[in-house]
Structure formats: C-alpha cells, structure tokens
Amino acid sequence: MKKKFIALLVIAPLLVSCSGSKKQTFHEEWVKDTNGFDILMGQFAHNIENIWGINEVLIAGPKDYVKYSDNYYTRSHINFEKGSITIETISGTDPTVSLRQAIITTLLIGEDPGNVDLYSDANDVQLSKEPLLYGQVLDNTGQPIRWQGRAASFADYLIQNRLQRRVSGLHVIWSVTIPMVPNHLDKRAHKYLPMVRKAAEKYNVDASLILAIMQIESSFNPYAVSHADALGLMQVVQHSAGVDVFRMKGKWGKPSRSYLFDPENNIDTGTAYLSILQSNYLAGIANPVSRRYAVITAYNGGAGSVLRVFSSDKDRAFSQINALSPDEVYQTLTTRHPSAESRRYLYKVSHAQRSYNRF
C-alpha cells in the first residue's frame, strides 16, 4: 500500500484485546475478516490512485468523512477534527456542475451512515430533514443550512466566489473549502448527549469519560471507520469488543456493521465495553482514579497490555498498581506502556475528559 494512503487513513484504536490475551487478539474469525477488509481497501485505494494519481489518494478515516462520486472524479472530504469541508473534482467536462452537486449533497447528508458505502463511488448518500452538519456550517448570509434551496444557493455562491484551482500531476483539481463554525465539536457532542447520559446511567460509567473517548476516537463522526475496520463514534471492532459486549448481554455472535453504525447502538456498545473493563478485567485495581487510567489505556490497547506494564503475573500486577498513587499509575502508563499510541491515548483522553465535566 502506498505511503500516502497509509498516512491519510488515520490510525484508530483497535480495541482488539478484550482480555489482553494474544489468543483473543488473533482470533481466527477476526483475522479472516480483517484480511478481507484489507483487500477491499487495497482495491479501493488502487481505483483512486488510477484516477487521481499516487499523491492524491484520500480515504475515509476515524475523523475524516471521504465520499467519492461521479465515477470517482469528484469527492467530498469532511475533516471533523479540524472543522473543514473540502469538495474537489478532476472532471474535465464541466467541473462546476460536479462541484455544485457534491456541495449540495455534502451539506445535506443525514446522520445515519448505515446505508452509505464509503468505499465506492455509489451515489447512495441519503439526505435528511435535519442534516448531520446542520448548525455546524453557516452560509454566506450567516444562516444554517437545512433545505436544498439554501444549500444550492450557497453552492452557487461558493463556486462564484471561492473556487480554487491547483495542478497535481496530469490533473487540474477544482475545489471549494468550507469552514465549520468554531464550536462545531461542542455542537456534535451536545447532539449525542442524551444517548451518552442514557448509556452512562445504564452501565455506571462517567458521561464525561464517554464523551472524551468519542472525541479522541472520532471527533464525533458517526461515519468513522479505521484501517482495522473499527466502526462508529466510539470505534468499536465487531470481533473483539463487540463480541465481549454481546456475550455480556447473553447474545451469540457479534454486532453487525449496520448495528454499530447506528449512533445509539455504538455508544451503548462502547460504554458497555468500558463497563466490562472497569468491573471485570480491571476490577482488581482498588483506587477508582487509578482504575480509570487503566481503563482508558485498556480501551486503546487491551487490559492485558496494561497489567503487563506492571507484571507478567496478573495478581502481582494488581498488587503493584494498588501500592502506587494514582499519579504514579498515570506516570507509569504514559511512560512505560510498550505502545506509544496507548501512552498518548491516556494523556489525550484524560485531558479531554476535564472539558466535559461541565456537560
């Protein structure tokens, strides 16, 4: 796979190790499906590279909605972390027509990602009476965009006043960029707050922690996907965390993709997994603050990897953790965990959680 493709496909937590065991991590079914997903992604990236060129491969990630249309010649990119929307086309016939349609469609996309195929150029984007981006984007008159008429008028304004041109390889790329409102992250967080509070009460997990994980995992992007096929707002993997949660609920098998792309189901499943971590796998940690640090790190890299930072023996690991202060546990996990991603993850989630205590 090309370096550009890997870089743009922002790496998200796998949630691969429910118990921390290697046996669970490399479960045969998970490996089989992951290999199939890798093949799909490779073919998709190859299609894009053939049309756009090697330096222009752009694919959806946890915090990036990317949808191709117009036989792959036009694409929409919403960067939920930075708060920007870019519509681009390399159509050689009438690029403004392609741009206009893509702008309208992007501004009016619905909140349900279940029927949208981000790995094709299928025109399957469903519009909604309350668009996903409603209130997060204002038109040239300062108004939010709910209906097609206003979206079309704004598209015309953008093409007339904000059209940009650049050259990449053999292609002329025409584009417009739309900034989201400064508090777009808070607006999306508030949108999911009732679901978060419901799950928090159901599983006895702090709502601020759920919100913080959603921010770090996806920036509240319901279309979020990762290179490991982690899905949705809380980036749940079907074959690991999904299986654990279904087992806890007395269900057989794993949640489907459409199930996990439903925001309420995704929040419920991710929160249930946090509950499993704090009430089962890491219940031997006595101090609630120390346990929270361990749970956050385990959500990213597995409970087993957290305990092995302290000892290869589970009981001895719990004893060592319980002999330390919460600050010492935090310091140990952010400096000695073997995964740099997990070390950073604890820092980022803990920092974000403080901002959600007011919610």
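Being a predicted model, the structure only gives us computed values, none of them experimental.

What counts as what
- Residues numbered from 1 in each chain as written.
- Predicted model: local features only at pLDDT ≥ 70, side-chain atom pairs only at ≥ 80, totals over all residues.
- Heavy atoms only, no water.
- Helix = DSSP H or I, 4+ residues; strand = E, 2+ residues; numbered from the N terminus.
- Contact = heavy atoms within 4.5 Å.
- Pairing = 2+ DSSP bridges.
- Axes fitted to C-alpha atoms, helices over the stretch in contact; angles between N-to-C directions.
- Parallel < 35°, antiparallel > 145°, perpendicular 65-115°, else oblique.
- Left-handed = near helix turned anticlockwise from the far one by under 90°.
- Nonpolar A, V, L, I, M, F, W, Y, C, P; charged D, E, K, R; others polar.

What is the right way to look at the overall build of the protein in this model?
Tallying secondary structure elements over the protein gives 15 helices and five strands in all. Pairs at least 24 residues apart make up 62% of the contacts formed inside the protein by residues separated by at least 6 positions.

Could you clarify how one ought to interpret the pairing of strand 5 (residues 171-179) in this entry?
Two faces make up the sheet, and in a regular strand the side chains alternate between them. One ladder, built from six bridges, connects strand 3 (residues 84-89) with strand 5; its direction is antiparallel. Across the sheet, Thr 89 pairs through a bridge with Trp 174, a residue of strand 5. In this structure, strand 4 (residues 164-168) lies alongside strand 5, joined through five bridges in antiparallel fashion. Bridging from a neighbouring strand, Ser 168 pairs with His 171 of strand 5. Turn length for the strand 4-strand 5 hairpin, with the two strands adjacent in sequence and antiparallel, is two residues, and the turn residue Gly 169 shows positive phi of about 60°.

Could you clarify how one ought to interpret the sheet that holds strand 1 (residues 64-69) in this entry?
Note on sheets: strands pair through backbone hydrogen bonds, and any given pair is parallel or antiparallel. Read from one edge of the open sheet, five strands run 1-2-3-5-4, paired in antiparallel fashion. The open sheet has two edge strands, strand 1 and strand 4, and neither has a second partner. The sheet shows a mean angle of 20° between the axes of neighbouring strands, direction not considered. Packing against the sheet, helix 4 (residues 95-107) makes contact with strand 2 (74-79), strand 3 and strand 5, and its axis sits at approximately 150° to strand 3.

Please clarify how the packing of helix 11 (residues 288-301) against helix 14 (residues 326-336) should be interpreted in this entry.
The geometry of a pair of packed helices is captured by two quantities: the angle between their axes and the separation between those axes. Interhelical geometry of helix 11 versus helix 14 gives an angle of 20° and a closest axis separation of 8 Å. Judged by the angle between their axes, helix 11 and helix 14 are roughly parallel. Where helix 11 crosses over helix 14, the two elements pack in a sense that is right-handed. Of the residues in helix 14, those touching helix 11 at Val 289, Ser 290, Tyr 293, Ala 294 and Thr 297 are Pro 326, Val 329, Tyr 330 and Leu 333. Here the residues of the contact of helix 11 with helix 14 sort into seven nonpolar, two polar and no charged.

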